[in-house]
Amino acid sequence: MDSRTILVLTNDAGLGHRQAAQATVDALEQRYGELCQTVLVNPLEEPGVPRSLRNVQYDFNRVVRLAPPLYALGHGLANTYLPTRLMEQMEVRTLADPIDRVLRRARPDVVVTTHPIFVYLLVTHRRRCGETWPIVVLVTDLAQLQRLWFRPEVDLYLVPTADAAALAVQRGIAPERVHVTGIPVDPRLDALRRSKAELRAEFGWDVDRPVVLAVGSRRVHRFHAFVDALNESGLPIQLVVVAGDDEELLAEMRAVAWRVPAHVYGYVRDFPTRLQAADLIVTKAGGLTVAESLAVGLPLFIIQCTPMHEKGNARYVVDQGAGLRLEDPAQLVAALRRALADDGRLLAQLAANARAVGQPRAAYAAAELIWAQAERGMLSPSLLADPELPVT
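Residues numbered from 1 in each chain as written. Predicted model: local features only at pLDDT ≥ 70, side-chain atom pairs only at ≥ 80, totals over all residues. Heavy atoms only, no water.

Colleague: So what exactly am I meant to see when it comes to the environment of Gly358 here?
Modeller: Residue position: Gly358 is located in the loop between α14 (329–357) and α15 (362–376). C-alpha of Gly358 to C-alpha of Val296: the two residues are 62 residues apart in sequence and 6.9 Å apart in space. Aside from chain neighbours lying at most four places away, what touches Gly358 is Leu294 and Ala295. (Helix = DSSP H or I, 4+ residues; strand = E, 2+ residues; numbered from the N terminus. Contact = heavy atoms within 4.5 Å.)

Okay, here's the thing in structure tokens:
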């Protein structure tokens, strides 16, 4: 049997889009081996992309941290009909040549995107060039989604929740093209079967004390204040602090005078394993972090959510009873005290709810549906659609 080439497009405006893409690639390669040739590309890094546009993905983190009201305003305006259409036209003008080179180089049997900026671009390119490869859009937030994600010409939508599926249909996507798979997470989250005690011993953590995993970055406001509150709480916990690639935050955390047992890390490659060793996570409401935590049944204590999509993520977690939204450090300490009371009864309930909605095999579910599109190899009826049709 001939191999199939699957092109996966992503970008680096936050880690979630790329990590979901990588998880899907890993699942495809594990499941289909030599039959599957995967190509993972960030088109914004291609030659010819204007520097201003290339830098948008990195400026994203800075704007979210330093000017959240500006980010909120821009995000809100960009989610209305006319600005969305203008952004789509701008994408075609600035990225048509780079995306053409990517597609010619890869010669794909199917094209997947994990970021909304490429959706309209792919639809337009396929129509203009008379291509026949299917387009798969893999949505990386849980419930509240930008208009840029949705075009009726897309062949397959892989969405994380029933809420997202309903929104896709509301925005004009045919129901039969929408499948709920969850957000693809690292396949190791499904494969690991070791106990928390065994993992903690391996990391050098206390086997018996509850583990509070606190995840920070340059995008998390007041992270230091939340950690300080936990450190001064007097609760019988141990803190595991992961600062990612934020060297400044890492230095700050290492300089803390710890009153509770604490373990401080920068970027860690085995983050899925550390999730499985923890009892709860203190974090912002990024789509991938939420999906990974739910996949291992880890309750989320959400201390920040940026406007639009992360607010939707936080609301989904709270509505499912899988975590709490906490506005300030005092609320965090009070909530943790309640969760640990009565031998951790509330914490256990949150964990059970998280496991109930978590989807550790999401990457495999996505891989199977993508592979089916690649094997189909036929002209999609969506190619006959007019990409200028409005999306409601």
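Alright, that's what it looks like, and here's the rest.
Colleague: Explanation requested: the packing of helix α1 (residues 16–32) against α15 in the structure shown.
Modeller: The packing of two helices is summarised by the inter-axis angle and the distance between the axes. One can describe the packing of α1 onto α15 by two numbers: an axis separation of 8 Å at closest approach and a directional angle of 70°. Judged on the interaxial angle alone, α15 and α1 are roughly perpendicular. Both α1 and α15 take part in a crossing whose hand is right-handed. Within the contact between the two elements, α1 uses Ala23, Thr24, Ala27, Leu28, Gln30, Arg31 and Tyr32 and α15 uses Ala363, Tyr364, Ala367, Glu368, Ile370 and Trp371. For the contact of α1 with α15, the residue count by class is nine nonpolar, two polar and two charged. (Axes fitted to C-alpha atoms, helices over the stretch in contact; angles between N-to-C directions. Parallel < 35°, antiparallel > 145°, perpendicular 65-115°, else oblique. Left-handed = near helix turned anticlockwise from the far one by under 90°. Nonpolar A, V, L, I, M, F, W, Y, C, P; charged D, E, K, R; others polar.)

Colleague: I would appreciate a short explanation of the pairing of strand β9 (residues 262–265) in the present structure.
Modeller: Direction of pairing for strand β8 (residues 238–242) relative to β9: parallel, over a ladder of four bridges. Within the sheet, the bridge partner assigned to Leu239 lies in β9 and is Ala262. (Pairing = 2+ DSSP bridges.)

Colleague: Can you help me understand the sheet that holds β9 in this one?
Modeller: Pairing between the strands of a sheet comes from backbone hydrogen bonds, and it takes one of two forms, parallel or antiparallel. As summarised here, the arrangement of the six strands in space is β9-β8-β7-β10-β11-β12, forming an open sheet in which the pairing is parallel. Since the sheet does not close on itself, it has two edges, and those belong to β9 and β12 (323–325), each with one partner. Strand-to-strand twist across the sheet, computed as the mean angle between neighbouring axes with direction ignored, equals 15°. Relative to strand β11 (residues 300–304), strand β10 (residues 280–284) is paired through four bridges, and the arrangement is parallel. Looking at the pairing, Thr283 lines up with Ile302 of β11.

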